[in-house]
Amino acid sequence: MHEVSLMQNLMNVVASAAEEQGGGKVMTVHLRIGRMAGVNADSLRFAFDILSKGTVAEEGKLEIETVPLVIHCRGCSEDFNPEQFSLTCPSCGGKDMMIVTGREMEVDYILLEDEKSETG
Amino acid sequence: MHQINIGEDLRGKNREIAEENREMLKKHGIFSLNLMSAPGAGKTSLLVKSLPMITDRYRIGVIEGDIQTTRDAERVKKTGVEVYQIQTGGVCHLDAAMIHSALHSLDLDALDILFIENVGNLVCPAEFELGVDGRVMLMSITEGDDKPKKYPLMFSESRLLVFNKIDLLEHVDFDLQKAKAEAAEINPEIEIIDLSCRTGEGLENWISWIEGFYKSCRG
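Computed from a predicted structure; not experimentally measured.

(A) Representation of the overall build of chain B within the structure. Along chain B, the regular secondary structure elements total eight helices and eight strands. Relative to its length of 219 residues, chain B is compact, with a C-alpha radius of gyration of 18 Å against a globular reference of 17 Å. Projected onto the principal axes, the alpha-carbon positions of chain B cover approximately 65 × 45 × 35 Å. Looking at chain B residue by residue over its 219 residues, the buried ones come to 46%.

Structure representation (structure tokens):
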């Protein structure tokens, strides 16, 4: 259960990004989580609900985009989307593989409420 | 509403601190390993059995990570090495910041090798870099030979895989060749050592591995 500590980092990132824009409510936080990232979406949502209280993101919603696992074989220059993680090429049996996507754990963007026109 | 693009990794802060740890260890010429496994695989036993085999040549420090209790630290202290206990208070892994404060409490000028015993867990420790030279994963043959494919990240992040409790092979349905093949499929570069902390078999291979890797890292 490290989702809570990751979510604390997320809240810090979101708060400083919103502040840089001159404040305003955060209405959406869009995360990209790789299939191999080892975090649970439900736990992230749970942590978000708790940790966003009293912050600029209190009324915001958390969107989680799952990034598929894509592995590239340098031997046959092909990309694979394997069901199970493996660094052995399912096509040529080569071992020179790299993970292209699937380890992501990032805040992609946030949506900020537009500032209301000042009425004095 | 307007969109603000961020593109920041949630592990970014941890990675920054891990880099600071790496610099700090390098500056003091300390070689470091992060030991990871499921609970009960034998991380503490491996340290308790093998540290006395190298304390004549190296000055050793151990950082013990546990959710609660100081039991492991007390076991390791009996070998006469410097031990620092981290109690994570419920957190399932050690992170770079915990190691950072431990490094500030240890006398780094008095150490050659630092072992970090992570919290027993096959998932979370793999995601958190600590800033060490290498990660070592232990797996005991009482755990089941299907673990590599079930917990691939741990296997893909480790440089060395140690199979412990091999003295029990004849008593359990553990297919060692299958587990090794699966681990090698996930991580073709992983090195493998079989040993038994109970009988001492294979411990000298573990020591030679440490010394070989130590020399390649610190000349």
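(B) The environment of A:Arg103, seen in detail. Residue and element names in this part refer to chain A. Inspection of the secondary structure puts Arg 103 in the loop between strand S5 (97-101) and strand S6 (105-112). Expressed as a C-alpha distance, the spacing of Arg 103 and Cys 92, which sit 11 residues apart in the sequence, is 24 Å. In contact with Arg 103, not counting residues within four places along its chain, are Gly 34, Met 36 and Ala 37.

(C) A look at the sheet that holds S6(A). Read from one edge to the other, the open sheet built from four strands follows the order S2(A)-S1(A)-S6(A)-S1(B), with strand pairing classed as mixed. Bordering the open sheet on either side are strand S2 (61-67) of chain A together with strand S1 (2-9) of chain B, each of which pairs with just one other strand. Direction aside, neighbouring strands of the sheet carry axes that sit 20 degrees apart on average. Across seven bridges, strand S1 (residues 26-34) of chain A lies against S6(A) in antiparallel orientation. What sits directly across from A:Leu31, in S6(A), is A:Val107. Helix H1 (residues 3-20) of chain A contacts S1 and S6 of chain A together with S1 of chain B of the sheet and is inclined by roughly 40 degrees relative to S6(A).

(D) The arrangement of the sheet that holds strand S4 (residues 78-80) of chain A in detail. All names here are of chain A. Spatially, the three strands line up as an open sheet ordered S4-S3-S5, and their pairing is antiparallel. A strand with exactly one partner marks an edge of an open sheet, and here the two such strands are S4 and S5. Geometrically, the sheet is characterised by an average inter-axis angle of 30 degrees between neighbouring strands, direction not taken into account. Pairing analysis gives four bridges linking strand S3 (residues 70-73) to S5, with the strands arranged antiparallel. Bridge pairing in S5 links Val 70 to Thr 101.

(E) Broad picture of the interface of chain A and chain B. Between chain A and chain B, the contact holds 28 residues from the first and 27 residues from the second. Among the elements of the structure, H1 and S6 of chain A are those that each provide at least two residues to the side of chain A that touches chain B. A total of eight residues in the side of chain A that touches chain B trace back to one element, the largest contributor, which is S6(A). Along the lines of polarity and charge, the residues of the side of chain A that touches chain B split into 15 nonpolar, eight polar and five charged. Two strands pair when backbone bridges link them, and S6(A) and S1(B) are joined in this way by six bridges, in the antiparallel orientation. Considered in S1(B), the bridge of A:Glu106 is made with B:Asp9.

About the criteria used
Residues numbered from 1 in each chain as written. Chains lettered and ligands numbered in written order. Predicted model: local features only at pLDDT ≥ 70, side-chain atom pairs only at ≥ 80, totals over all residues. Helix = DSSP H or I, 4+ residues; strand = E, 2+ residues; numbered from the N terminus. Rg over C-alpha atoms; globule rule 2.2 N^0.38 Å. Buried ≥ 20, exposed ≤ 12 C-beta atoms within 10 Å, placed from the backbone. Contact = placed C-beta atoms within 7 Å. Pairing = 2+ DSSP bridges. Axes fitted to C-alpha atoms, helices over the stretch in contact; angles between N-to-C directions. Nonpolar A, V, L, I, M, F, W, Y, C, P; charged D, E, K, R; others polar.

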